[in-house]
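# Structure at a glance
Here are the chains, one letter per residue:
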Amino acid sequence: PPPPPVRAPSPQPPPPTPQPCQLSCPGGGGEQPPIPAQTRTMTKAKEIDETKGVVFLGNPANLKRAGYYDSEGGNVNYDPDFECTGGSPDPSDRRCPHRLRAEDALGLPPTGWDGRKLHVNMPSYRDPLCPRTLKNLFTKATRPFDVRVRVLQQNVPGEDPPCLDKYCEMMADLRRETGGGDTSKGGPAGDECPHRDQIDIHHIHAKEAAGPTYARGLLGQDIREAYEKEAMSPQDFCMSTDSHMDYEPEWDRKMVEMWDMAENEYAVLSTYVANIDQLGVNLNGNHEVPHLCMVIFTSQVRTHATKCARNLPRPKLTNAVWGAGLSFSKCHAELKVPVDPHTPGIFDGEEFNRAARFWTYGYDVYTPHRVYVLHDYPGSQRNPKTMGWGHGSFSPTEVKGAYYRLNTLLDVPGGEKDYERGLRLKRSKYGLGDRRSLDALIQFSGVDLRHKKATIDGKNRCGNLQWVPFTEHPKGVNFIPRFDPETEDPLDVPYEKTSVWYDPHTDGAGAGMVARHAKEDEAAKGEDEDRRVADEKAARDAHRKEAEALAGGTSLSEKHEALADALRLEGGGGTGPHREVISSAAAAARRAEDGEGGVRVFPPLLRGVSGRKSFLSSVKAGRHGVEHLPTQVKLAVLVMVLGLCFAIIASVGDKRRRKAKSNKSG
C-alpha cells in the first residue's frame, strides 16, 4: 500500500531561549540541542514532558542553511503511538509494524533470546584494539557461550599483532590477576583461551583491503556460508560493529531486550554510538543518545548533523538513516540485505545505500534509546595504520565504477542511462528489496535522491514519524531470496503479486519464466504499437505538466510521483504501478561524471586484485582534476601543454644559436 500522507504541523509559538545539552554527539558534526519549555510536535504545541522522551530537531538557523526551510527546530516530545496512528484518533487508521508470526518462530519464543545465538561481525584493518574489543565483548556478556564472533582481519603479517592471539594473551593475564573463574575473570585455569572456538578469523593481507564495504561484504559472505551450513538461524540475532569498541555490563541481554521493545520483527537498531568515555555515564540523568536523521550530498549521500534524543522510553523510528558503527537486528536482515562488496574505496554512500536496501526489504531503522555499545573514537582515529585502508587493492577506475553503481541503484544523477540495465541491478543480489518502492523511500526519508538534495520539501523528519505499511512475503520473514552465484540475477521468479517488481505483462504469464528482458514474442504487434503511441503521448503530457509546475514554483514533493511516472514511461517500462525508474536527471550529469564510459554496473569481486600504494592521491586527482573534464576540454588542455613544450624547446634552441653566433663573432 502507498505511504500515508504526511500531516503538516500546526503553527506554534516560538520557543524560549535554548540551553545546551551535555551530550557530545559523534560523527557528522553533531549539534547540541536546546531545551526550551515549549516546542512544536507533529500535531500541536505542548509543554515538554521529560518522562515521555525528547527529540532534538536541530538549530533553526542551521536547518534553514541546510535547506530545511519548513522547520523551526527546537525540541519535540517523542510519541511512540504516533508510529502506528500518525496522530489520527480514528482506530481504523491504526497500522503497526509486523510482529513475529507463530509459524515463523521456528519453535522459539516470540521474544527474548532463549534458543537463539548472537552473532557479532567485525571488520578490522590493522587494528591493535581488536583483541581488547574481543575481551570486553566476552567478559561483559551475560551469556558469553551463546555469542559467535566473525572478524575480517586485514593485517600485515609480522607487523600487526594477530587479533585472536593477543586476545588469548589478555585473557590469560586477566586469569592470573583475578585467580580465574568465569569468563569475566579470565576463565578457569584449565581453559587456555576461553571462547576461542566461538571466534572465526577471516584473514586477508592489508594490501588487499578495498575499504569498509568490501570488508563488510566479505563478512556477509561468511554469514551466508554459516546459514547454509545451518550454523546460523534467521531467528538468531546479528550485530555489526567495529573492532575498537567497549560494552556496558550485560550488554548482550540489554541489546536483545531493547530490540524487543521496538515491537517490530523487521527492526534494525542503528546509530553513531557514543564515545567510550561515556561508559556507565548517564549525563544529568537524561539518558542522552545520538540520533541519525539528516544527510548531505558529497560525492554520495552522507549521514550528517547527528542529533540527540533523551529519556526515550523505547527505540525511536527514524527516517531510514542507518549508521555502520552499530547495526543490531534478527539475522534474517543480514542474510537478505548483505553489504555490497562491489563498491571498493567507498566511504560516503555506504550507509544510505544499505539503509535504502533495508527499507525496501521491509526493515525499519530505529535509534537505540540507551547506550550499551560504545566506540573508541580517539584510540582508532589517532592511529595512522587503522586509517590507511585507502592504500589498498583498488584503482580510481574501480572507485568510479562503485559510485556509478550506487548512483544507478538509488536513481542519483550519474548512474546507468539504460532502463533495462538499471532495472537489472536494482533486482540483483545487492539491489533493492521488493516490499517497498524507491518512490516510497524518497517520500518517507525526505531525501531527494533524483535531484541530489537533502530534502524534497524542506520538512524536518527527525521527530515523530508514522510507520509505512507493507505486505510481508507470502513465505514469511525467514524467507531468504536466492540469486545466481555468477550473474547475481534473482532466481525466485516470476515475482508474486505482493512484490513491487510484479509486472502483469511477465509475471502473470505463469511459472518458470526466468528471462525478464522482453515481453513474449507472440504478443500482438497491433496492441504493442497502440501501447507505444499512448505511452509517448502520456510522456509528452506529463513532461509538459511537470515543466509548468516547476516554473510556477510548485513543491517538488507534490509532483514527485508524477515525475517518476513520466520517467517510467520515458524509460520504456511497462504500465505496471510498481516499476522503478532511472532518473532522466542522470543524463544531465553523465557528461561530467561518466565522460569516458565503459564503467560496468556489475564489477567483479575484488579478492586478490592488486592495487596501488598511492591510491588516495590518485583518487583526488581523478575526482577534481583533468580526468573530471569533458573530452573536448581534455584535448584542448593537451594541445596547450604540447604547444608550451614546443615553445620552450624552440626558445632554448634560439638562445643557444644566438650564444654560438656571439662567441663566433668574438
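Placed above this text is the structure.
Here's a quick rundown of the structure. (Residues numbered from 1 in each chain as written. Predicted model: local features only at pLDDT ≥ 70, side-chain atom pairs only at ≥ 80, totals over all residues. Heavy atoms only, no water.)

## Considering the state of the cysteines
- Scanning all chains against the criterion turns up five disulfides.
- Bridging cysteine 84 to cysteine 96, the disulfide has an S-S length of 2.1 Å. As the torsion about the S-S bond is roughly 130°, the cysteine 84-cysteine 96 disulfide counts as right-handed. Highlighted residues: cysteine 84 in helix α2 (residues 82–85) and cysteine 96 in the loop between α2 and β5 (118–125), separated in sequence by 12 residues.
- Classification of cysteine 96 by relative accessible area gives partly exposed; the value is 32%.
- There is a disulfide in this structure between cysteine 130 and cysteine 163, and the S-S distance comes to 2.0 Å. Handedness here is read from the sign of the S-S torsion; for cysteine 130 and cysteine 163, about -80°, the answer is left-handed. Here cysteine 130 is found in helix α3 (residues 130–139), whereas its partner cysteine 163 is found in helix α4 (residues 163–178), with 33 residues between them in sequence. For the pair cysteine 130 and cysteine 163, a shared accessibility class is recorded, and that class is buried. (Disulfide = S-S within 2.5 Å. Helix = DSSP H or I, 4+ residues; strand = E, 2+ residues; numbered from the N terminus. Buried < 20%, exposed > 50% of the residue type's maximum accessible area, 1.4 Å probe, protein only.)

## Examining the sheet that holds strand β8 (residues 237–241)
- In space, the eight strands of this open sheet follow the order β7-β6-β5-β8-β16-β10-β17-β15, with mixed pairing throughout. What marks the edges here is a single partner per strand, and that holds for β7 (199–205) and β15 (316–317).
- As paired strands, β5 and β8 are joined by four bridges and run parallel to one another. Residue pairing in the sheet places histidine 119 in a bridge with cysteine 238 of β8. (Pairing = 2+ DSSP bridges.)

## Examining helix α12 (residues 438–445)
- Most of α12 sits inside the fold, with seven of its eight residues counted as buried.
- When α12 is considered as a whole, its buried residues turn out to be Leu438, Asp439, Ala440, Leu441, Ile442, Phe444 and Ser445.
- Where α12 terminates, the next one or two residues include glycine 446, which has phi positive at roughly 80°.

## Remarks on the sheet that holds strand β14 (residues 307–310)
- Spatially, the four strands line up as an open sheet ordered β4-β3-β14-β11, and their pairing is antiparallel. Two strands bound the open sheet, and with one partner strand each, they are β4 (74–77) and β11 (288–291). Put simply, the sheet's adjacent strands are angled 30° from each other on average, direction ignored.
- Pairing of strand β3 (residues 54–58) with β14, which is carried by two bridges, proceeds in the antiparallel orientation. Pairing of valine 54 across the sheet is with arginine 310, part of β14. (Axes fitted to C-alpha atoms, helices over the stretch in contact; angles between N-to-C directions.)

## Observations regarding the pattern of salt bridges
- This model, assessed by the stated rule, comprises 34 salt bridges.
- We note a salt bridge from aspartate 160 to arginine 126, for which the minimum N-O separation is 2.7 Å. Of this pair, aspartate 160 sits in the loop between β6 (147–155) and α4 while arginine 126 sits in the loop between β5 and α3, placing them 34 residues apart in sequence. For the residue pair aspartate 160 and arginine 126, the accessibility class agrees, reading buried in each case.
- Between arginine 436 and aspartate 364 there is a salt bridge whose closest N-O contact spans 3.1 Å. (Salt bridge = Lys/Arg side-chain N within 4 Å of Asp/Glu carboxyl O.)

## Considering the packing of aromatic side chains
- Scanning all chains against the criterion turns up 10 aromatic pairs.
- Seen in terms of ring centroids, phenylalanine 138 and tyrosine 167 are 6.0 Å apart; in terms of plane orientation they differ by 45°. Their pairing is tilted. One end of the pair, phenylalanine 138, is in helix α3; the other, tyrosine 167, is in helix α4, and 29 residues separate them in sequence.
- Classification of tyrosine 167 by relative accessible area gives buried; the value is 0%.
- The interplanar angle of 20° and the centroid separation of 5.6 Å between the aromatic rings of phenylalanine 237 and phenylalanine 328 together place this pair among those described as stacked. A residue pair is termed long-range when its members are at least 10 positions apart, and phenylalanine 237 in strand β8 and phenylalanine 328 in strand β16 (residues 326–330) qualify at 91 residues. The residues phenylalanine 237 and phenylalanine 328 share a single accessibility class, namely buried.
- Over the ring of tryptophan 113 we find arginine 143, and its NZ or CZ is 3.9 Å from the ring centre.
- Positioned above the aromatic ring of tryptophan 359, the side-chain terminus of arginine 436 is 4.4 Å from the ring centre. (Phe/Tyr/Trp six-rings, centres within 6.5 Å; stacked < 30°, edge-to-face > 60°. Lys NZ or Arg CZ within 6 Å of the ring centre and 35° of its normal.)

Limitation: the analysis is restricted to geometry and does not speak to function.
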